[in-house]
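Here is how the chains run, residue by residue.
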Amino acid sequence: GPKVLQIPSHQIIDMGQMVTLNCDPVSNHLYFYWYKQILGQQMEFLVNFYNGKVMEKSKLFKDQFSVERPDGSYFTLKIQPTALEDSAVYFCASSTDRASDYTFGSGTRLLVI
Amino acid sequence: GDSVTQTEGLVTLTKGLPVMLNCTYQTTYSPFLFWYVQHLNEAPKLLLKSSTDNKRTEHQGFYATLHKSSSSFHLQKSSVQLSDSALYFCALSDPTNTGKLTFGDGTVLTVKP
């Protein structure tokens, strides 16, 4: 079936540096999401995005976080600057509408050292 | 806010036995309920979903019934297989809102020969 691709699959970065996580959603999907998962624990909602705008964000979506999807390219999550507690697996997901089934990517494993 | 409770963190069973993974929720609206399965280092995949009270939904041998009276959506299977070993998440969403999913803490199911 259709897939969500996440690039890179792993990233190690020094604390304080900037990182951009890339997501290539399913082509006809209009809603995009980022979730954070620490050590195989609970998946936690970060943000969702539709029509070029953030629709909702959680308290985990700190001021250092930003999302965009310029000109229909990758849907990106940028963290600037990174902190040690940002180490986690970040999952991107997309859906055709807000009540539809998600397609999740395989995640980007981010390690901040 | 919304919450999902999964009481078992870890379930270990012998192949061929039945299993039930508990899921209860709290919300102020009429939600969609989901079960996602996540194998090691893979993306979460939708297993079951429902928004209809007292109707059993089935997929790949797993089944669940949404009971709004008890706010429950327990996952069951009559005979587990080795390949069922994975992390199982219960989640809910408000279909009239932004499509955000609220996940439970997850249950690790380990099936032994």
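Everything discussed here concerns the structure shown above.
None of the values given here were measured: they were computed from a predicted structure. (Residues numbered from 1 in each chain as written. Chains lettered and ligands numbered in written order. Predicted model: local features only at pLDDT ≥ 70, side-chain atom pairs only at ≥ 80, totals over all residues. Heavy atoms only, no water.)

**Brief notes about the pattern of salt bridges**
Residue and element names in this part refer to chain B. The condition is simple: Salt bridges are defined by distance alone: a side-chain nitrogen of Lys or Arg within 4 Å of a carboxyl oxygen of Asp or Glu. Only protein chains enter the accessibility calculation, which uses a 1.4 Å probe; a residue whose area is less than 20% of its type maximum is buried, one above 50% is exposed, and one in between is partly exposed.
Enumeration according to the criterion identifies six salt bridges over all chains in this entry. Between Lys-45 and Glu-42 there is a salt bridge, and its shortest N-O distance comes to 3.9 Å. The class for Glu-42 is partly exposed, based on a relative accessible area of 33%. For Glu-58, the salt bridge is made with Arg-56, and the minimal N-O distance between the two is 3.0 Å. Given the relative accessible area of 45%, Arg-56 is considered partly exposed.

**Describing the side chain of Ser-50 of chain B**
Residues and elements named next belong to chain B. Under the convention used in this document: Secondary structure is summarised from DSSP: a helix means a run of H or I of at least four residues, a strand means a run of E of at least two, and numbering begins at the N terminus for each. Nitrogen and oxygen atoms within 3.5 Å of one another constitute a polar contact, given that in protein one can donate a hydrogen and the other can accept it, and given that sequence-neighbouring residues count only through two side-chain atoms. We call two residues in contact whenever any of their non-hydrogen atoms come within 4.5 Å of each other.
Examined against the element boundaries, Ser-50 turns out to sit in strand β6 (residues 45-50). Within the structure, Ser-50 has its side chain in polar contact with the backbone nitrogen of Thr-52 (distance 3.3 Å). Among residues more than four places away in sequence, those in contact with Ser-50 are Pro-31, Phe-32, Leu-33, Lys-55, Thr-57, Leu-66 and Phe-73.

**Regarding the interface of chain B and chain A**
We count it as follows: Here the buried area means the combined drop in accessible surface, using a 1.4 Å probe, for two parts upon being joined, counting both sides.
Between chain B and chain A, the residue contacts involve 22 residues of the former and 20 residues of the latter. At the boundary of chain B with chain A, total buried surface from both sides reaches about 1800 Å², with 51% on carbon and sulfur atoms. For the pair chain B and chain A, the interface holds two salt bridges. Across the chain B-chain A interface, the total number found is seven residue pairs in polar contact (both at pLDDT 80 or more).

**What about the sheet that holds strand β8 (residues 75-79) of chain A?**
Residue and element names in this part refer to chain A. The criterion, for reference: Two strands pair under a simple rule: DSSP has to find at least two bridges between them. Axis lines are fitted through C-alpha atoms, for helices just across the contact stretch, and the angle between N-to-C directions can take any value from 0 to 180 degrees.
Reading across the sheet, the four strands line up as β1-β3-β8-β7 and stay open at both edges, with antiparallel pairing between neighbours. Two strands close off the open sheet at either side, each with one partner strand: β1 (5-7) and β7 (65-68). The mean inter-strand angle of the sheet, taken between neighbouring strand axes irrespective of direction, is 15°. Bridging between strand β3 (residues 19-24) and β8 involves five bridges; their strand directions are antiparallel. Following the sheet pairing, Leu-21 is matched in β8 by Leu-77.

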